[in-house]
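# Commentary on secondary and tertiary structure
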Amino acid sequence: MRILVVEDEIDLLEAIAEGLRIDGYAVDTSDDGDEGLELALINDYDLIILDLNLPNIDGIDILKNIREHNKLTKILILTARSAIEDRVKGLDLGANDYLVKPFHFDELEARIRCLLRIKFIQEDNELKYKHLKIDMKSRKVYVDNNPIKLTKKEFSILEYLMKNINKVISQEELIEHVWDNSVDMFSNSVRVHINALRKKLKENLDYEVIKNVASVGYIIEALEEEN
């Protein structure tokens, strides 16, 4: 999952970004309203964490602009403005959640998990496929309740594919949602990580979970309903 953090307090911005990267998210950052808006409009983020008090463009104006072009990306407002009027205004303009500073990072993590799973049918922060299970909270993967060791990038790839069951995901889309701006769009990084992930899964299962669609991308196919 790819997240944009727009926050003008540099220490806080770096702390949030570091914590989320440790969690396995791909994170882009900006401490400026103009740049934050530009990143939000040109990239496809799964979640945007947006401060309201920003230089050049106020966070509320950024929120309005994003929602004029994008109705789907989850937006969490993170700000020192605690007045109920500010919260109502932000939510009415299209924010999905609101967290007031100071806050505990554990709460921010929980709110992010909640927002990212809203459109998916899940129970107890889990994604399941046959014998395979992803625990979203611990960010661990199990086969028949036995843990398998994945890198953070492999976990993020599997998570994104399982959240998009029966949809062919192109290399470009994986880069958009699993990598940050530092990735080289022309590298073979996606293929290398996919191959490593498929090998680990095959070692623990007797079937292929991730299938390759020639010249298109990758897919985890929906399970056929039992008669």
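Residues numbered from 1 in each chain as written. Predicted model: local features only at pLDDT ≥ 70, side-chain atom pairs only at ≥ 80, totals over all residues. Heavy atoms only, no water.

Looking at an unreviewed UniProt entry, one finds the protein named Stage 0 sporulation protein A homolog and attributed to Romboutsia weinsteinii. As recorded by UniProt, the Function (unreviewed entry) comment attached to the protein reads in full: "May play the central regulatory role in sporulation. It may be an element of the effector pathway responsible for the activation of sporulation genes in response to nutritional stress. Spo0A may act in concert with spo0H (a sigma factor) to control the expression of some genes that are critical to the sporulation process." (UniProt positions renumbered as here; feature names shortened; annotations may be inferred.)

Now for the side chain of Asp97. For Asp97, the position within the fold is in strand E5 (residues 97–100). Among the polar contacts made by the side chain of Asp97, one reaches the side chain of Arg111 at a distance of 2.7 Å. Residues in contact with Asp97, not counting those within four places in the same chain, are Ile75, Leu76, Ile77, Leu91, Arg111 and Leu115. (Helix = DSSP H or I, 4+ residues; strand = E, 2+ residues; numbered from the N terminus. Polar contact = N/O pair within 3.5 Å; in protein donor to acceptor, adjacent residues only side chain to side chain. Contact = heavy atoms within 4.5 Å.)

It is worth spelling out the nonpolar core at this point. Counting residues in each nonpolar core, the largest one holds 49 residues, and the members touching the most others are Leu20, Ile49, Ile112, Leu158, Leu174, Val209 and Ile210. Lining this core are residues from two domains, each supplying at least three of them: domain 1 (2–116) and domain 2 (126–219). Look past the residues within four positions of Leu158 in its chain and what remains in contact with it is Leu132, Ile134, Val141, Leu150, Leu197, Leu201, Ile210 and Ile220. If you look at the next biggest cluster of nonpolar residues, it comprises 19 residues, including Leu39, Ala40, Leu52 and Ala95. (Core = buried A, V, L, I, M, F, W, Y, C linked by side-chain atoms within 4.5 Å. Buried < 20%, exposed > 50% of the residue type's maximum accessible area, 1.4 Å probe, protein only. Domains from an automatic or database assignment.)

Within a sheet, adjacent strands bond to each other through the backbone by hydrogen bonds, running parallel or antiparallel. Within the open sheet, the four strands sit side by side as E6-E7-E8-E9. Their pairing is antiparallel. The two strands at the open ends of the sheet, each matched to only one other strand, are strand E6 (126–129) and strand E9 (146–148). Each adjacent strand pair in this sheet contributes to an overall mean axis angle of 30°, direction not counted. The sheet contact formed by strand E7 (residues 132–135) and strand E8 (residues 140–143) spans four bridges and is antiparallel. The partner of Lys133 across the bridge, within E8, is Tyr142. (Pairing = 2+ DSSP bridges. Axes fitted to C-alpha atoms, helices over the stretch in contact; angles between N-to-C directions.)

On the surface, a cluster of negative charge is contributed by Asp8, Asp31, Asp34, Glu35 and Glu38. Within the element layout of this structure, Asp31 appears in the loop between strand E2 (26–30) and helix H2 (33–42). When its relative accessible area of 32% is taken as the criterion, Asp31 is described as partly exposed. (Patch = residues over 30% accessible without salt bridge, like charges linked within 9 Å, V, L, I, M, F, W, Y side chains within 5 Å. Areas by Shrake-Rupley, 256 points an atom, 1.4 Å probe, with all protein chains shown as cover. Salt bridge = Lys/Arg side-chain N within 4 Å of Asp/Glu carboxyl O. Lys, Arg positive; Asp, Glu negative; His and termini not counted. Charge placed at Lys NZ, Arg CZ, Asp CG, Glu CD.)

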